[in-house]
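So the chains spell out like this:
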Amino acid sequence: MKTPNYHDFYQMALVPIGFNDLSALKESDANNPESPWTHWLIAVEGVQLPQAKIYFHWKVSIYPATSDADFNWQIPYYCSEKMEFMDQAISLASTFVTSAKKDTLSETALLEKIS
């Protein structure tokens, strides 16, 4: 199984999961009843393109995590489409951080998927 490229993994925030978002998490594939998920880990990840010269596109990933930032990298709650520029991914991640703090991350991620 291919493991993630942690060399280009930039954790943006570890935000406590609010009541509304926890309800949405429990209905998602990312939920694991045996894991005490208490936080969202929001990260920007580099995705290396398959070419001779090393070049990356970027995506935003959101993982349920513990307060110690332990998470299952195999099952994210949300992954964005790949973006050409890191600035775009950082901007989107910042939007998710703000939403997580307002307990509306699940709504924001759903709207982003639909767009």
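First, a word on scope: everything that follows refers to the structure included in this document.

1. Quick notes on the overall build of the chain
The number of helices and strands found in the chain is three helices and four strands. When the elements of the chain are put in sequence order from the N terminus, they spell out β-α-β-β-β-α-α. Dimensions of the chain along its principal axes, counting C-alpha atoms only, are 45 × 30 × 25 Å. Buried positions account for 40% of the 115 residues belonging to the chain. In the chain, once contacts between residues fewer than 6 apart in sequence are set aside, the share between residues at least 24 apart is 61%. Here the chain contributes 8 positive and 14 negative side-chain charges, whose respective centroids are spaced 5 Å apart.

2. Observations regarding the side chain of Asp 8
Checked against the element boundaries, Asp 8 lands in the segment before β1 (9–16). Within the structure, Asp 8 has its side chain in polar contact with the side chain of Tyr 10 (distance 3.3 Å). Once you skip the residues sitting within four places of it in the chain, Asp 8 turns out to touch Val 44, Glu 45, Gly 46, Phe 56 and Trp 58.

3. Things to note about helix α2 (residues 86–101)
With 16 residues, α2 extends 23 Å between its outermost C-alpha atoms, agreeing within 8% with the 22 Å of an ideal straight helix rising 1.5 Å per residue. Count one or two residues on from α2 and you reach Asp 103, which has phi positive near 65 degrees.

Criteria and thresholds
Residues numbered from 1 in each chain as written. Predicted model: local features only at pLDDT ≥ 70, side-chain atom pairs only at ≥ 80, totals over all residues. Heavy atoms only, no water. Helix = DSSP H or I, 4+ residues; strand = E, 2+ residues; numbered from the N terminus. Buried < 20%, exposed > 50% of the residue type's maximum accessible area, 1.4 Å probe, protein only. Contact = heavy atoms within 4.5 Å. Lys, Arg positive; Asp, Glu negative; His and termini not counted. Charge placed at Lys NZ, Arg CZ, Asp CG, Glu CD. Polar contact = N/O pair within 3.5 Å; in protein donor to acceptor, adjacent residues only side chain to side chain. Expected span 1.5 Å × (residues − 1).

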